[in-house]
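# Residue-level structure breakdown
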Amino acid sequence: MNIMLACNAGMSTSLIVARMEEAAEEQGKNYKIWAVDQASIKRELGNFDILLLGPQVGYLQKKVTKLVEEKVPVAVIKTLDYGKCDGAAVLKFAEDTYNKFHV
């Protein structure tokens, strides 16, 4: 699965990405996970299976959902998981969101 995270500048989500990669590796999952600034989302269209937004840009969810033409799930990372930099929880959230979208 290709999981892209986006926030204002791509900096704070890069910390979450590192923790998510650690969790995925521990679980034997070979995911591509990366972070971008919110202005780069359009350029990345077609490269991700799910897009997770940092809580600080959660207000963009409806706009981005339209941008991806509802072809992939767009979700806002839970503030608590984001604040704790809980990569395992965010990874599980991504998987659960992706699976619900494709039911």
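Reading guide: rules and limits
Residues numbered from 1 in each chain as written. Predicted model: local features only at pLDDT ≥ 70, side-chain atom pairs only at ≥ 80, totals over all residues. Heavy atoms only, no water. UniProt positions renumbered as here; feature names shortened; annotations may be inferred. Helix = DSSP H or I, 4+ residues; strand = E, 2+ residues; numbered from the N terminus. Contact = heavy atoms within 4.5 Å. Buried < 20%, exposed > 50% of the residue type's maximum accessible area, 1.4 Å probe, protein only. Lys, Arg positive; Asp, Glu negative; His and termini not counted. Salt bridge = Lys/Arg side-chain N within 4 Å of Asp/Glu carboxyl O. Expected span 1.5 Å × (residues − 1). Arc of directions from axis to C-beta.

Looking at an unreviewed UniProt entry, one finds the protein chain named Phosphotransferase system (PTS) lichenan-specific enzyme IIB component and attributed to Clostridium neonatale.

## Quick look at the UniProt feature "modified residue: Phosphocysteine" (unreviewed entry) in the protein chain
The positions that UniProt labels "modified residue: Phosphocysteine" (unreviewed entry) are, in the present scheme, Cys7. Among the secondary structure elements, Cys7 is positioned in strand β1 (residues 2-7). Dropping the residues within four chain positions of it, Cys7 is found in contact with Ser12, Thr13, Val36, Asp37, Gln38, Gln56, Val57 and Tyr82.

## Looking at the side chain of Glu44
Looking at where Glu44 falls in the secondary structure, it is placed in the loop between β2 (32-37) and β3 (50-53). No salt bridge is formed by the buried Glu44, whose closest oppositely charged neighbour, Arg43, lies at an N-O distance of 4.9 Å. Those residues in contact with Glu44, other than ones at most four positions away along the chain, are Met4, Trp34 and Val36.

## Section: helix α1 (residues 12-26)
The first and last C-alpha atoms of α1 sit 22 Å apart over 15 residues, in line with the 21 Å expected at 1.5 Å per residue. Considered for burial, the residues of α1 that qualify are Thr13, Ile16, Val17, Met20, Ala23 and Ala24. Down the axis of α1, the buried side of the element spans an arc of 130°, and every buried residue falls inside it. The outward face of α1, more than 90 degrees from its buried face, is lined by the exposed residues Leu15, Glu25 and Glu26. Looking at the packing, one finds that the buried side of α1 touches β1, β2, β3, α3 (79-84) and α4 (87-101). Remark: Gly28 follows α1 within two positions and exhibits a positive phi of approximately 70°.

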